[in-house]
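Each chain is listed here by its residues.
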Amino acid sequence: GQNIDQPTEMTATEGAIVQINCTYQTSGFNGLFWYQQHAGEAPTFLSYNVLDGLEEKGRFSSFLSRSKGYSYLLLKELQMKDSASYLCAGGSNDYKLSFGAGTTVTVRA
Amino acid sequence: KAGVTQTPRYLIKTRGQQVTLSCSPISGHRSVSWYQQTPGQGLQFLFEYFSETQRNKGNFPGRFSGRQFSNSRSEMNVSTLELGDSALYLCASSLIGQSRSYEQYFGPGTRLTVT
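These figures come from a predicted structure and were not determined experimentally.

A. Representation of the sheet that holds strand 3 (residues 18–26) of chain A in the model. All names here are of chain A. Strand order in the open sheet formed by five strands is 1-3-8-7-6, with antiparallel pairing between adjacent strands. Each edge of the open sheet is held by one strand with a lone partner, namely strand 1 (2–5) and strand 6 (53–57). Looking at each pair of strands side by side, their axes are set apart by 15 degrees on average, direction ignored. The sheet contact formed by strand 1 and strand 3 spans four bridges and is antiparallel. Note that in strand 3 the partner of Asn3 across the bridge is Gln25.

Structure follows, in C-alpha cells:
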C-alpha cells in the first residue's frame, strides 16, 4: 500500500523560498511525483524523481531520499501565481499513483 | 499536440441514476488512469487501463467501473449514484506505464453533482 504525508498549508512572501516536505511509505516504489493544481483546474506535472538527489527546473527543485522515504519540493523566488495546491504522489509498480492530500501554498505580497 | 480531453465537463444527476464519463488521452498514450477528487479526500485512484486491460483498481465499490477501447479512449461508469459520488473526476494519460510509473497528464475533469 501507499501512505503519503505532506503539510496542509504553508504561507510565504513574494520573492521568498518555500520548501514543501513529503514523506511516503510505498510498496513497489517507482518514483516520486510533484504536481501543481490551481483552484478549479487540473493538476499539472512539475517533477519526477526516481533516483536520490536533487532535480532542478528553473525556480522549482525536487529532492528525493529513498532510504528515508522523503522528498521535498523547493519553490524559489516565489510569485503570486505560485499560490496553488502542491500534490506529492508516489508511483508504484502496480501502475498507480497515490497522492497526498496536497499542500496549499499562499503567496502574500 | 492536443491534451487529454474529458466529456462532459459538468453533469448533474439525481440519486439512483447512472452516469458515463469519457476520456480521450493524448495521441500515442496508451495508459489511462481515473481519479476521484473531493475536498475531504483529495485525489483517490479509481483504476488504470493499458491496451484495453484494467491493470489496477482502487478501493471503490463495484458501482464504479470502466473500460478502454482499442483507440485508447476510456470510459468510466458509476451506477446507482449516491450523494457522496459528487466530485471532480479526473482522467490522466501517460506514454507507457508498462514496467514503471511515468508522468501523467491530466484532463480538465468532469464535475459531477448528485442531488
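Additional details are given in the paragraphs that follow.
B. Seen up close, the interface of chain B and chain A. Contact with chain B, which involves 19 residues of that partner, is made by 18 residues of chain A. Each partner contributes to the roughly 1600 Å² buried at the junction of chain B and chain A, and carbon and sulfur atoms together form 55% of this total. Inspection of the region where chain B meets chain A yields zero salt bridges. Counting across the chain B and chain A interface gives two residue pairs in polar contact (both at pLDDT 80 or more). For the side of chain B that touches chain A, the secondary structure elements donating two or more residues are strand 4 (31–38), strand 5 (42–50) and strand 6 (53–57) of chain B.

C. Main features of the side chain of B:Gln104. Within the secondary structure layout, B:Gln104 lies in the loop between strand 9 (87–94) and strand 10 (105–106). Within polar-contact distance, the side chain of B:Gln104 engages the side chain of B:Tyr35 at 2.9 Å. Apart from residues lying up to four places away in sequence, B:Gln104 is in contact with A:Tyr35, A:Phe45, A:Leu97, B:Ser33, B:Tyr35, B:Ala92, B:Ser93 and B:Ser94.

D. Region of interest: the state of the cysteines. Counted by the stated rule, this structure contains two disulfides over all chains. Each disulfide pairs two cysteine sulfurs, and for A:Cys22 the partner residue is A:Cys88, the sulfurs being separated by 1.9 Å. The S-S bond linking A:Cys22 to A:Cys88 shows a torsion near -70 degrees; that makes this disulfide left-handed. One end of the pair, A:Cys22, is in strand 3; the other, A:Cys88, is in strand 9 (residues 84–92), and 66 residues separate them in sequence. Just as A:Cys22 is buried, A:Cys88 falls in that class too. Shown here is the disulfide that connects B:Cys23 with B:Cys91, its sulfur atoms set 1.7 Å apart. Judged by the sign of its S-S torsion, about -50 degrees, the bond between B:Cys23 and B:Cys91 is left-handed. With B:Cys23 in strand 3 (residues 19–24) and B:Cys91 in strand 9, the pair connects residues that are 68 residues apart, well separated along the chain. Note on accessibility: B:Cys23 and B:Cys91 belong to one class, buried.

Reading guide: rules and limits
Residues numbered from 1 in each chain as written. Chains lettered and ligands numbered in written order. Predicted model: local features only at pLDDT ≥ 70, side-chain atom pairs only at ≥ 80, totals over all residues. Heavy atoms only, no water. Pairing = 2+ DSSP bridges. Helix = DSSP H or I, 4+ residues; strand = E, 2+ residues; numbered from the N terminus. Axes fitted to C-alpha atoms, helices over the stretch in contact; angles between N-to-C directions. Contact = heavy atoms within 4.5 Å. Buried area = accessible area lost by both parts, 1.4 Å probe. Salt bridge = Lys/Arg side-chain N within 4 Å of Asp/Glu carboxyl O. Polar contact = N/O pair within 3.5 Å; in protein donor to acceptor, adjacent residues only side chain to side chain. Disulfide = S-S within 2.5 Å. Buried < 20%, exposed > 50% of the residue type's maximum accessible area, 1.4 Å probe, protein only.

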